[in-house]
Amino acid sequence: MTDNRASSDAAASTQAEVSEEIQQIAKAYERDAAPERDGEETQPRLDYPPYRSSVLRHPTKDPHHADPEGIELWAPAFGHQDVDPLEADLTIQHRGEPVGERMVVTGRVLDGDGRPVRHQLVEIWQANAGGRYIHKRDQHPAAIDPNFTGVGRCLTDADGTYSFTTIKPGPYPWKNHRNAWRPAHIHFSLFGTEFTQRMVTQMYFPGDPLFALDPIYQAITDQRARDRLVATYDHDVTRPEWSTGYRWDIVLTGAHHTPREDEVEA
Ligand SMILES: [Fe+2]
């Protein structure tokens, strides 16, 4: 969702100030390069000052393990019959065609050993082509598309593959600091074998000029880890006269798992 909770102080920061802090943190990360560091930093930093609107709300304590069996008693449940295959097409939810670049986003969900994660729920939400969400807290002056809600879901198949047909989202302003813009992205939520393994993350598009400026993307300090959030344009995924195509694989566990956003969302 969009994040308009930045304080007026935070909104007073300029992009130049935020970019300078991003660069200082990146330099410090490179200075501490392996072997001193214990391998690659694969996850976003929760305490990341350039991400102004997270300063007062990010967790400061280690998470506590909850009793997974207890959670299963009240967590939502779903089965194969609950997810209609048509829900994977975000372009057919209304009477007309949504505006924007129609595209297919597909990939495989894998565990740390490269095995497919089968029949698992994948949910996405995103802004429309103009960068606008259907959400009461997104009031920035870009058009709502009456033919696009921006929410879909599907189950992975026996090969661990998911596939969505949707519209390429636009970048949007988010008030983290003055003139702050998010790179275009799609939010993903995945469940592993249990609801307690839920993972929430974001997929980006290759070559986005906003990458270097974005404190959420840059909160993952390692370039290799950041790269794992960026989809690949794949001409084999395109459909003639119909849509472009992007491929993005998601690894749930292991050393090369996809960075997740446990607490951050924008
Ligand atoms: Fe977003």
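Basis of the calculations
- Here the residue numbering is sequential within each chain, running from 1 through the sequence in written order.
- Confidence filtering applies because this is a predicted model: local features only for residues at pLDDT of at least 70, side-chain atom pairs given and counted only at 80 or more, and all residues used for totals across whole chains, interfaces and linings.
- Calculation of side-chain values draws on the structure's entire complement of heavy atoms; hydrogens and water are dropped beforehand.
- Put simply, DSSP H or I for four residues or longer makes a helix, DSSP E for two residues or longer makes a strand, and each gets a number counted from the N terminus.
- Here the term buried applies to any residue with accessible area under 20% of the maximum for its type, exposed to any over 50%, and partly exposed to those in between, with areas from a 1.4 Å probe on protein chains only.
- Contacts are residue-level and defined by heavy atoms, with any inter-residue pair within 4.5 Å sufficient.
- Polar contact is defined as a pair of N or O atoms within 3.5 Å, subject to the rule that within protein one atom must be able to donate a hydrogen and the other to accept it, and that residues adjacent in sequence are counted only when both atoms are side-chain atoms.
- Any two strands between which DSSP finds at least two bridges are classified as paired.
- In this analysis, axes come from line fits to C-alpha atoms, helices being fitted only over the stretch in contact, and the angle between any two N-to-C directions falls in the range 0 to 180 degrees.
- Expected span, for any helix, means 1.5 Å times one less than how many residues it has.
- What the arc describes is the spread of directions from the helix axis to the C-beta atoms.
- Side-chain rings of Phe, Tyr and Trp, where Trp is taken by its six-membered ring, are said to pair if the distance between their centres is within 6.5 Å; with planes under 30 degrees apart they count as stacked, over 60 as edge-to-face, and otherwise as tilted.
- For a ring to carry a charge above it, either NZ of a lysine or CZ of an arginine must fall within 6 Å of the ring centroid while also lying within 35 degrees of the normal to the ring plane.
- Buried residues of nine kinds, namely Ala, Val, Leu, Ile, Met, Phe, Trp, Tyr and Cys, make up a nonpolar core once their side-chain atoms join them within 4.5 Å.
- The salt bridge criterion pairs a side-chain nitrogen of Lys or Arg with a carboxyl oxygen of Asp or Glu, the two atoms within 4 Å.

Once that is clear, we can look at the overall build of the protein. Check the secondary structure of the protein and you find five helices and 11 strands. Burial statistics for the protein: of 266 residues in total, 48% are counted as buried. Sequence separation of 24 or more characterises 73% of the internal contacts of the protein that already satisfy a separation of 6 or more.

So, about unusual backbone geometry. Even without being glycine, His 119 reaches a positive phi, approximately 55°. Along the chain, the position of His 119 falls in the loop between strand E1 (102–110) and strand E2 (121–126). Even without a glycine there, the phi angle at Lys 175 is positive, about 65°. Note that Lys 175 resides in the loop between strand E5 (172–173) and strand E6 (181–182). Lys 175 sits in the exposed class, given a relative accessible area of 51%.

Among the secondary structure elements, Asn 176 is positioned in the loop between E5 and E6. Given a relative accessible area of 0%, Asn 176 falls into the buried group. Among the polar contacts listed, one links the side chain of Asn 176 to the backbone nitrogen of Arg 52, at a separation of 2.7 Å.

Right, let's get into the sheet that holds E2. The strands that make up a sheet are held in pairs by hydrogen bonds between backbone atoms, and each pair lies either parallel or antiparallel. Read from one edge to the other, the open sheet built from four strands follows the order E3-E2-E7-E8, with strand pairing classed as antiparallel. Single-partner strands in this sheet number two, and they are strand E3 (151–155) and strand E8 (199–204). Going across the sheet, the axis of each strand differs from the next one's by a mean of 25°, ignoring polarity. Across five bridges, E2 lies against E3 in antiparallel orientation. Paired with Trp 125 across the bridge in E3 is Val 151.

Spacing of three or four residues puts side chains on the same side of an α-helix, whose turn is 3.6 residues. When the terminal C-alpha atoms of helix H2 (residues 15–31) are compared, their 24 Å separation across 17 residues agrees well with the 24 Å that a helix rising 1.5 Å per residue should span. Turning to H2, its buried residues number three or more, namely Gln 15, Val 18, Ser 19, Ile 22, Ile 25 and Tyr 29. Buried residues of H2 fall within an arc of 125° about the axis and therefore sit on the same side. Across from the buried face of H2, at angles greater than 90 degrees, the exposed residues are Ala 16 and Arg 31. Residues of H2 that are buried make contact with helix H4 (215–218).

Attention now moves to the packing of aromatic side chains. Under the counting rule described, the total for this entry stands at 11 aromatic pairs. On the numbers, 4.9 Å between centres and 70° between planes, the contact of Phe 188 with Trp 248 is edge-to-face. Residue Phe 188 is found in strand E7 (residues 185–190), and its partner Trp 248 is found in the loop between strand E10 (244–247) and strand E11 (250–251); the two are separated by 60 residues along the sequence. Both residues of the pair, Phe 188 and Trp 248, belong to the buried class. Between Phe 205 and Tyr 246, the ring centres sit 5.1 Å apart and the planes meet at 85°, which makes this aromatic pair edge-to-face. Of this pair, Phe 205 sits in the loop between E8 and H4 while Tyr 246 is found in strand E10, placing the two residues 41 residues apart along the sequence. Among the aromatic residues, those joined into a ring-pair cluster are Tyr 162, Phe 164, Phe 188 and Trp 248. In this structure, Arg 102 is placed above the aromatic ring of Trp 242, and the distance from its NZ or CZ to the ring centre is 3.5 Å. Across the ring face of Trp 174, the terminal group of Arg 182 is positioned such that the distance to the ring centre comes to 5.8 Å.

A few words now on the nonpolar core. One recurring pattern in soluble globular proteins: nonpolar side chains tend to sit buried together. One finds Tyr 162, Phe 164 and Phe 188 to be the most contacted residues of the largest nonpolar core, which totals 46 residues. Counting residues per element, the ones that place at least two in this core are H2, E1, E2, strand E4 (161–167), E7, E8 and H4. The leading source of residues in this core is E8, at four residues. Apart from residues lying up to four places away in sequence, Tyr 162 is in contact with Val 105, Thr 106, Gly 107, Arg 108, Val 109, Val 122, Cys 154, Thr 156, Phe 188, Trp 248 and Ile 250.

Another point: the pattern of salt bridges. Pairs may arise between side chains of opposite charge once their charged atoms sit close together. Under the defined criterion, the tally for this structure stands at 13 salt bridges. Here Arg 247 and Asp 234 are joined by a salt bridge, their closest N and O atoms 2.9 Å apart. Taken as a pair, Arg 247 in strand E10 and Asp 234 in the loop between strand E9 (232–233) and E10 lie far apart in primary sequence, 13 residues in all. Look at Arg 247 and you get partly exposed, because its relative accessible area is 35%. In the salt-bridge network here, residues are joined through shared partners; they are Glu 40, Asp 222, Arg 224 and Arg 228.

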